[in-house]
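Analysis of the macromolecular model
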Amino acid sequence: MILNEKSVAEIKKKMVRYPRRKSARLPAITVAYRQEGHLHGELYREISQIIEIPVIDIATAASFYTMFPKEPVGKFLIQVCHNISCALLGADSLIGYLEEKLGIKKGETTEDDMFTLISVECLGGCTAAPMMQINDEFYENLTHEKVDKILEDLRNKA
Amino acid sequence: MEKKILTKYVDDPNQINIDTYLSHGGYKALEKVLKEMKPPEVIEEVKKSGVRGRGGAGFPAGVKWGFIPKDNPKPRYLVCNGDESEPGTCKDRVLMESDPHSVVEGMAISSYAIGSHLAFIYNRGEFAYPARMMEKAVEEAYEKGYLGKNILGTGYDLDMIVHTGGGAYICGEESSQLNSIEGERGMSRMRPPFPAVAGLYACPTIVNNVETLAAVPFIINNGGDWYASMGTEKSNGTKLFSLSGHVKNPGNYELELGTPLSVLINDLGGGMLDGHKLKAIIPGGSSTPMLLPDQIDVKLDYESLVEAGSMLGSGAVIVIDERTCMVWVAERLIHFYRHESCGKCTPCRDGTGWLEQLISRIERGEGKPGDIEKIESLCGNIMGRTVCPLGDAAVMPIQSSIKLFRDEWEYHIQNKKCMVKSEFAFK
């Protein structure tokens, strides 16, 4: 099993609350993603065994939802909002700055597998633009100084 | 200026705790309906308030509740739509993360009103923090007996599930949201039947926006007439507005409906950023048609914005200044709608893709004579011809951009570059 005991227990706990088991798909996929950082076939098989529905139904659902990477990503997945409110306040230059700081292009992962940089659609941080999400956390009202500190803190944390 | 009703306590960091919420009069409305009111009386009070769907459609909530068939023996469900994804909008998030119990209480009252014993809050996947706050609130409400079996000894049972999404804008559309809760791909459903008749698991279901449901406890505590006394004749109450873009003080502001847009942008928002000149305003989320500077005194209510050629939508006001190329704006928006189209129906799936190709090539300086007419024709073939409103949402800002700024689009094609270069540096 790739899914650890905690994840399995969490999926089972969520599963029993729904009137129908198939509803546990998205919660289970979310738990698997949080543990592994990206989704793949082996995880779908394990989820399918836990909630007892065909593996194809797990894969079909998972492939629809773009929040879950389907390929390996760095330890920290940096998602910069490039939609209108953030773009008006410099999202493109923020992406450029991150590319420069990390030495990678958008869509790439640093050689040490620490950071993956992508841009995404509106994250709902519009009044605090420009903003980005790293793993589960939002970072808002970004400035050069703030970005420098965030990256430094994450490197130290790793 | 601001009229803080739903957002009265959002700046108090303790408001997320049930004890603080209770000390501010929390769960009194729930107790009142369970002990003193029958479900039809609750629906009547909400109808009287005139509160309308705050997610964007503006449909009266009480009327929607009344659509549940009385003779259907199946279970009924309430779904609170917290999939907030319309670009520019971040107001439900404030309620979910800073006053989650108000959402839980509003949901509990509404569930009682429609006869539901299981309610879902659909929290957009990226909102990990708001989801944690909602889960904490639900747990606390169970512990204190405001959820679960035999609530406050009244015999009414209600369970509540916090369901998180997976980053799909379309799941904010109610029928797609129901598919998503069922664990399916979040694709829209044909209507009829409407969710009130056959929704989640083919059972009668009511889907309401977070802000709509959060208003319900206030309506119960103070009466529908009190709520209806705020706002305009047809747009009652207050509404949260997310102000973003080129303004000095962006933020979420709660205003009485009917407040002039200029009050939001100039008085509360502090006016234009760095003294730049106003060029356009998107008043209700990225899908709503744009307004011009001379319309800044328009009143922020459902009717006035329709009259002005746009919509109140989700209340997300995006301010755009003179440094901005409107083709560039259109490209950002169509890229979004193309990305978020669920792919179920052809006009939206293919149409948004073709629109993106055409608009991107104009923006790149590769536009050809006739491209604008092609875009207009495509827009006309999408508008009103799709299963759900995503197609319309994609088209409206494009149509309005071409209508209001046609000279810029033509300049772009003729000169193979922007009339104004949108180069925005972050600080």
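Before going into details, it helps to say that this report is about the structure given with it. Source: prediction; values computed, not measured. (Residues numbered from 1 in each chain as written. Chains lettered and ligands numbered in written order. Predicted model: local features only at pLDDT ≥ 70, side-chain atom pairs only at ≥ 80, totals over all residues. Heavy atoms only, no water.)

In this section: the packing of aromatic side chains. Evaluated as defined, the whole model comprises 17 aromatic pairs over all chains. Ring centres of Tyr18 of chain A and Phe120 of chain B lie 6.1 Å apart, and the angle between their planes is 25°; on these two criteria the pair is classed as stacked. You can see Tyr18 of chain A sitting in the loop between helix H1 (5-15) and helix H2 (25-36) and its partner Phe120 of chain B sitting in strand S2 (residues 118-123), one on each of two chains. The pair Tyr18 of chain A / Phe120 of chain B is uniform in exposure class, with both members buried. The rings of Tyr18 of chain A together with Tyr77, Phe120 and Tyr201 of chain B are connected pair by pair, giving a single aromatic cluster. The ring centre of Phe241 of chain B lies 5.8 Å from the NZ or CZ of Lys239 of chain B, which sits over that ring. (Phe/Tyr/Trp six-rings, centres within 6.5 Å; stacked < 30°, edge-to-face > 60°. Helix = DSSP H or I, 4+ residues; strand = E, 2+ residues; numbered from the N terminus. Buried < 20%, exposed > 50% of the residue type's maximum accessible area, 1.4 Å probe, protein only. Lys NZ or Arg CZ within 6 Å of the ring centre and 35° of its normal.)

Here we take up unusual backbone geometry. The omega angle of the peptide bond from Ala129 of chain A to Pro130 of chain A is -5°, so this bond is cis rather than trans. Its place among the elements puts Pro130 of chain A in the loop between strand S2 (115-120) and strand S3 (132-134). With omega at 5°, the peptide bond leading from Pro192 of chain B into Pro193 of chain B counts as cis. Relative to the helices and strands, Pro193 of chain B is located in the loop between helix H8 (174-181) and strand S4 (205-209). Unusually for a residue other than glycine, Glu52 of chain A sits at a positive phi of about 55°. Structurally, Glu52 of chain A can be placed in the loop between helix H3 (41-51) and helix H4 (55-64).

By secondary structure assignment, the location of Thr89 of chain B is in the loop between strand S1 (77-82) and helix H5 (92-98). With relative accessibility at 3%, the residue Thr89 of chain B sits in the buried group. From its side chain, Thr89 of chain B meets the backbone oxygen of Glu86 of chain B in a polar contact 2.8 Å long. With near-sequence residues (within four places) excluded, Thr89 of chain B lies in contact with Gly124 and Cys126 of chain A together with Glu84, Ser242, Gly285, Ser314 and Ala316 of chain B. (Polar contact = N/O pair within 3.5 Å; in protein donor to acceptor, adjacent residues only side chain to side chain. Contact = heavy atoms within 4.5 Å.)

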